[in-house]
Amino acid sequence: MREPSRQPPTRVGTRPSTRPAAIADCGGQALDRPERLLVACGDGKAGLLGLSWSGWGEPTARATGRGWHVTCEPSCAEGREVRYPVTVTVGGLAGGRYTTMRVDAPQSADDPVRSYSLDTLGPTRRN
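None of the values given here were measured: they were computed from a predicted structure.

Regarding the pairing of strand E4 (residues 46–54)
A regular strand places its side chains so that they alternate between the two faces of the sheet.
For step 1, the next point in the chain: Sheet analysis places strand E3 (residues 37–38) next to E4, joined by two bridges and oriented antiparallel. In the sheet register, Leu38 faces E4, and the bridge partner there is Gly47.
For step 2, the next point in the chain: As judged from the seven bridges shared by E4 and strand E5 (residues 61–70), these two strands associate in the antiparallel manner. Counted as the bridge partner of Ser52 is Thr64 from E5.
For step 3, the next point in the chain: Here E4 hands over to E5 after six residues, with Gly55 in that stretch at a positive phi of 75 degrees.

What to know about the nonpolar core
For step 1, the next point in the chain: Core analysis: the biggest nonpolar cluster contains 24 residues, and Trp53, Val88, Val90 and Met101 have the highest contact counts within it.
For step 2, the next point in the chain: Looking at this core, the element that brings in the most residues is strand E6 (residues 81–91), giving five residues.
For step 3, the next point in the chain: Those residues in contact with Val90 that lie beyond four places of it in its chain are Ile23, Trp53, Trp56, Pro59, Thr60, Ala61, Tyr98, Thr100, Met101 and Leu118.

Considering the side chain of His69
For step 1, the next point in the chain: Note on placement: His69 falls in strand E5.
For step 2, the next point in the chain: The buried category is assigned to His69, whose relative accessible area is 9%.
For step 3, the next point in the chain: A distance of 2.9 Å separates a polar atom in the side chain of His69 from a polar atom in the side chain of Tyr84.
For step 4, the next point in the chain: Setting aside its immediate chain neighbours within four residues, His69 contacts Lys45, Ala46, Arg80, Glu81, Val82, Tyr84, Ser108 and Asp110.

Basis of the calculations
Residues numbered from 1 in each chain as written. Predicted model: local features only at pLDDT ≥ 70, side-chain atom pairs only at ≥ 80, totals over all residues. Heavy atoms only, no water. Pairing = 2+ DSSP bridges. Helix = DSSP H or I, 4+ residues; strand = E, 2+ residues; numbered from the N terminus. Core = buried A, V, L, I, M, F, W, Y, C linked by side-chain atoms within 4.5 Å. Buried < 20%, exposed > 50% of the residue type's maximum accessible area, 1.4 Å probe, protein only. Contact = heavy atoms within 4.5 Å. Polar contact = N/O pair within 3.5 Å; in protein donor to acceptor, adjacent residues only side chain to side chain.

Right, dumping it as structure tokens:
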């Protein structure tokens, strides 16, 4: 007679949430479904917040939230923070880590679409 499994049964129609996926922050810490992410590692004047993810652990994951950056008017030191809605798409899942990120921010006065590479030391803007 076979030993009964000691693992709890998985309900039909559910997927385990143990799929490895992460994004590294500017300090190199691996983040799982980050709610906040600094995207300007050099000067700390831009980021994402309030991110709500879907599809995390899949080849492509998406989030909605808010973007923010400090304007450089009249200067970067005297600029003010502006916020706007964003849609974030991460992809290139390799070795348990997302490697690309696209931020769509149609209401931003800056670039409405930004592309980043994601490595072990955080996001790097590509456009």
